[in-house]
Structures are given as C-alpha cells and as structure tokens.
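# An overview of the molecular structure
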Amino acid sequence: LAESFIAKSISLDSLFYRAQELLCELGVSDVKIDEFVGLLKKRGIAAKITGAGMGGCLLVLCNDLALIQEMAVCCFGQQTQVFKAIPDEEGVRIE
C-alpha cells in the first residue's frame, strides 16, 4: 500500500488536505476549524476533522506538540486540549 502511494506521488499531507476540502463541502466543518486548518496549511502542516463533524476534533500531522498547542489555544481558547498520538507498529488487529 505504501509503495503504491509513493509510486503515484500521493502524500499523506495531500490526502488530508483533500479530505478536509470534501468535508467542508459536505458542511460538517465550521468556520473556526476551517480558519485553523488554513493557518496550519500556510505552515505546511496538514490537518482534517475527524469523527462525525461539529465536535471540534482534528487530526494534525505535526511532531511539534508545543506549536500546535499554542496555535490551538490562540484560535479556540484556553479550554483547548492537544494530545500526541504515536502510531504503533502493530497497526489494526482483528480479534
């Protein structure tokens, strides 16, 4: 799977950008989230909403947790929570 993405020059960033555009077109985003995603994009950081929408939950592809926390608090206020998720090598497992 990873090889096919590389062969087609499709990056995870570009998939996030396109997915967020489509979610906006569906109307499941909101203005504040769109502005935040736009600010991140200007810095070369990909982000998209996750879940059913309108819940204010974003996936952001960035290793700089402090930067994202600072930007999120500026956009959304002090109640904002940012968590770092590290993918496991195992991935998804069906039991």
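Residues numbered from 1 in each chain as written. Predicted model: local features only at pLDDT ≥ 70, side-chain atom pairs only at ≥ 80, totals over all residues. Heavy atoms only, no water.

### Comments concerning the nonpolar core
Which entries qualify depends on this criterion: For this analysis, a nonpolar core means a set of buried residues of the types Ala, Val, Leu, Ile, Met, Phe, Trp, Tyr and Cys, connected via side-chain atoms within 4.5 Å. The rule is simple: take the accessible area with a 1.4 Å probe, protein chains only, and divide by the maximum for that residue type; under 20% is buried, over 50% is exposed, in between is partly exposed. To qualify as a helix, a DSSP run of H or I must reach at least 4 residues; to qualify as a strand, a run of E must reach at least 2; elements of each kind are numbered from the N terminus. Pairs of residues are marked as contacts when any of their non-hydrogen atoms sit within 4.5 Å.
Grouped together as the largest cluster of nonpolar side chains are 13 residues, with contacts concentrated most on Phe 36, Leu 40, Ile 45 and Met 71. At five residues, helix 4 (residues 65-76) tops the list of elements feeding residues into this core. Look past the residues within four positions of Phe 36 in its chain and what remains in contact with it is Leu 58, Ile 68, Met 71, Ala 72, Cys 75 and Phe 76.

### Concerning a nonpolar patch on the surface
Selection criterion: The patch calculation keeps residues exceeding 30% relative accessible area without a salt bridge and links them within 9 Å when they carry like charges or within 5 Å when they are nonpolar (Val, Leu, Ile, Met, Phe, Trp, Tyr). Here, Shrake-Rupley sampling with a 1.4 Å probe gives the accessible areas, and only protein chains in the shown set may cover a residue. Salt bridges, as used here, are contacts in which a Lys or Arg side-chain nitrogen is within 4 Å of a carboxyl oxygen on Asp or Glu.
Together, Ile 10, Leu 12, Leu 15 and Leu 61 line one region of the surface with nonpolar side chains, adding up to about 300 Å² of accessible area. Locating Ile 10 in the fold gives a position in the loop between helix 1 (2-7) and helix 2 (12-26). Residue classification places Ile 10 among the partly exposed residues on the basis of a relative accessible area of 32%.

### As for helix 4
Convention followed: Helix span, as expected, comes to 1.5 Å for every residue beyond the first. What the arc describes is the spread of directions from the helix axis to the C-beta atoms.
An ideal rise of 1.5 Å per residue puts 16 Å on 12 residues; helix 4 measures up with 16 Å between its terminal C-alpha atoms. For helix 4, the complete set of buried residues consists of Leu 67, Ile 68, Met 71, Ala 72 and Cys 75. Projection of helix 4 onto a plane perpendicular to its axis shows the buried side chains occupying an angular sector of 125°, all on one side. Structural note: helix 4 exposes Ala 66, Glu 70 and Cys 74 on the side pointing more than 90 degrees away from its buried face. Looking at the buried side of helix 4, the elements it contacts are helix 3 (31-42) and strand 2 (58-61). Downstream of helix 4 by one or two residues, Gly 77 has phi in the positive range, about 105°.

### Brief notes about the packing of helix 2 against helix 3
Helix packing for two helices is described by the angle between their axes and how far apart those axes are. As a reminder of what qualifies: As a rule, the C-alpha atoms of each element are fitted with a line to give its axis, helices using only the stretch in contact, and angles between N-to-C directions run from 0 to 180 degrees. Under this scheme an angle from 65 to 115 degrees is roughly perpendicular, one under 35 degrees roughly parallel, and one over 145 degrees roughly antiparallel; angles in between are oblique. When the near helix sits turned anticlockwise from the far one by under a right angle, the crossing is termed left-handed; a clockwise turn instead gives a right-handed crossing. Ten residue types, Ala, Val, Leu, Ile, Met, Phe, Trp, Tyr, Cys and Pro, are classed as nonpolar, four, Asp, Glu, Lys and Arg, as charged, and the remainder, Gly among them, as polar.
Across the interface, helix 2 lies against helix 3 with an axial gap of 12 Å and an inter-helix angle of 160°. Between helix 2 and helix 3, the angle is such that the two are roughly antiparallel. The hand of the helix 2/helix 3 crossing is left-handed. Each of Tyr 17, Gln 20, Glu 21 and Cys 24 in helix 2 lies in contact with helix 3, whose residues at this interface are Ile 33, Asp 34, Val 37 and Lys 41. Taken together, the residues of the contact of helix 2 with helix 3 sort by class into four nonpolar, one polar and three charged.

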